[in-house]
Amino acid sequence: MTTPKNFTRRQVGQHLTAAALGLTGLSTATGALAQGAPIKVGVLHSLSGTMAISESVLKDTILMEIEAINKRGGLLGRKVEAVVVDPASNWPLFAERARQLISQDKVSVIFGCWTSVSRKSVLPVVEELNGLLFYPVQYEGEELSKNVFYTGAAPNQQAIPAVEYLLSKDGGSAKRFVLLGTDYVYPRTTNKILRAFLKSKGIPDADIMEEYTPFGHSDYQGIIAKIKRFSSEGKKTAVVSTINGDSNVPFYKELGNQGLKATDVPVVAFSVGEEELRGVDTKPLQGHLAAWNYFMSIKNPTNDAFIKQWSAYAKAKGIPGHKDKPLTNDPMEASVIGFNMWAQAVTKAKSTETDKVIAAMAGQTFKAPSGIVSKMDEKNHHLHKSVFIGEIRADGQFNVVWKTPGPVKAQPWSPFIPENKGKKDEPEKK
């Protein structure tokens, strides 16, 4: 600051004091602005590419929840604002977009990812920058991070109960298994766990067929013919499908074309819900199965309210497909649980600061559309969830044919993998 030469010492003092007061006023005003600045939330889901069929709707689910919380007055007296990016089913791009969201956009939390390869791409970024990721999809386990909350199922909350059901009398007493998946970490690790589990149940390797196809694969003619041959050798056979993304449509179409009925060879899927069946004629698929922690067809007041909220939102926003035929599914429910638990933790912590929110997340509960009170485990960053097995109906919905008596605590480290012995059921403090 320059001072005119003809100022007296007293005038200079007054000039400096006034300037200082001006600066203080400016900093107070900036502080007030910061106090009322929006809380930014990152939305990191593929809106294009092979995974858009599954992920686009999760972006809209988070936007619906943000709109709802803002109507209720926001969080900590501040508006919540979404920063939406499209990593375009490109796994390295997930890491870049996560870095951008945390470092440039200054988001307090990220809701995102579907495939495990996308999550594993983002994981080192959120750990390095001390960000926060809520991951809403069932996965293979074998991971725990202080910076991630897993609101989808671990293997003991989906894959293991589903295969136990297939082995049981109610599920058809299967003796041979086809493990069919997309070629990446989630199907391969899940199938490693399932192989060990089946071995513990007396199923020999000769009665397990394992097949993988790339992302976006569309020709299932040869594979289904191979499954038919494998199942024709005198033992009751079941297929466990970890196919992901838009490949599910040609797979199920070919299943119908070749007349592979559920009464002959039941297929249980871990990544096929109401949304993935939208573009498929489900009449020939009746009786095939899916294992999830939620189905749209579950009847209870909380689910009725969730479906009503989504239907109104989809219509108001003109969401393709959903404005005319609104569907809800398991990862949407997991997104809703995650968002609301995060908001509750922010309120409890009176802060959006990562470490304070993490501490406040322990033991959070939320009445889930599935009808249970879902709880975030006090230590392991996973939800306690009920497990449902549903049969595909002619209308593309599911009839629940089996469920657990109540919520199941997640096991991030599968006991069927010997190397996991002695591993701690909580993230390491870094």
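Thresholds, definitions, all that
Residues numbered from 1 in each chain as written. Predicted model: local features only at pLDDT ≥ 70, side-chain atom pairs only at ≥ 80, totals over all residues. Heavy atoms only, no water. Helix = DSSP H or I, 4+ residues; strand = E, 2+ residues; numbered from the N terminus. Buried < 20%, exposed > 50% of the residue type's maximum accessible area, 1.4 Å probe, protein only. Contact = heavy atoms within 4.5 Å. Axes fitted to C-alpha atoms, helices over the stretch in contact; angles between N-to-C directions. Parallel < 35°, antiparallel > 145°, perpendicular 65-115°, else oblique. Nonpolar A, V, L, I, M, F, W, Y, C, P; charged D, E, K, R; others polar. Phe/Tyr/Trp six-rings, centres within 6.5 Å; stacked < 30°, edge-to-face > 60°. Lys, Arg positive; Asp, Glu negative; His and termini not counted. Salt bridge = Lys/Arg side-chain N within 4 Å of Asp/Glu carboxyl O.

Enquirer: What's the story with the environment of Val265 in this structure? I'm lost.
Expert: Within the secondary structure, Val265 is located in the loop between helix H8 (248-257) and strand E9 (267-269). The exposure class of Val265 is buried, given its relative accessible area of 2%. Among residues more than four places away in sequence, those in contact with Val265 are Ile227, Ser231, Thr237, Ala238, Val239, Leu260 and His288.

Enquirer: How do you make sense of the packing of helix H10 (residues 330-349) against helix H11 (residues 354-361) when you look at a structure like this?
Expert: When two helices pack together, their arrangement is given by the angle between their axes and by how far apart the axes lie. Where H10 contacts H11, the axes come no closer than 8 Å and their chain directions differ by 110°. For the element pair H10 / H11, the angle class is roughly perpendicular. Facing H10, whose interface residues are Met341, Trp342, Ala345, Val346, Lys348 and Ala349, H11 presents Lys356, Val357, Ala360 and Met361. Residues of the contact of H10 with H11, tallied by class, amount to eight nonpolar, no polar and two charged.

Enquirer: For this particular structure, what's the right way to read helix H5 (residues 159-167)?
Expert: Since there are 3.6 residues in each turn of an α-helix, residues three or four apart along the chain are aligned in direction. In terms of burial, H5 is largely enclosed, as seven of its nine residues are buried. All buried positions along H5 are accounted for by Ala159, Ile160, Pro161, Ala162, Val163, Tyr165 and Leu166.

Enquirer: What is the right way to look at the packing of aromatic side chains in this model?
Expert: The description of two aromatic rings rests on the distance between their centres and on the angle between their planes. Tallied over the full model, the rule gives 18 aromatic pairs. Pairing Tyr184 with Phe215 gives two aromatic rings, centres 4.8 Å apart and planes at 40°, and the pair type is tilted. Linking Tyr184 in the loop between strand E6 (176-182) and helix H6 (185-200) with Phe215 in the loop between strand E7 (208-213) and helix H7 (221-231), this pair joins segments that are 31 residues apart in sequence. On the basis of relative accessible area, Tyr184 is assigned to the buried category, the value being 8%. Taking relative accessible area as the criterion, Phe215 reaches 24% and is therefore assigned partly exposed. Centroid distance Phe197 to Phe416: 5.2 Å. Interplanar angle 75°. Geometry classified as edge-to-face. Of this pair, Phe197 sits in helix H6 while Phe416 sits in the segment after strand E15 (398-403); the two residues are 219 residues apart in sequence, bridging distant segments of the chain. Residue classification places Phe197 among the buried residues on the basis of a relative accessible area of 2%. Feature note: the residues Trp91, Phe94, Tyr184, Tyr186 and Phe215 constitute an aromatic cluster, connected by ring pairs.

Enquirer: I'm lost on the side chain of Glu254 in this one. Help?
Expert: As for its placement among the helices and strands, Glu254 is situated in helix H8. Despite its burial, Glu254 pairs with no opposite charge; the closest candidate is Lys228, at 8.0 Å N-O. Setting aside its immediate chain neighbours within four residues, Glu254 contacts Tyr220, Gln221 and Ile224.

Enquirer: Would you take a moment to explain the environment of Lys424 for this structure?
Expert: As for its position among the elements, Lys424 is in the segment after E15. Judged by relative accessible area, which is 63%, Lys424 ranks as exposed. Ignoring sequence-local partners within four residues, the contact set of Lys424 consists of Leu144 and Trp413.

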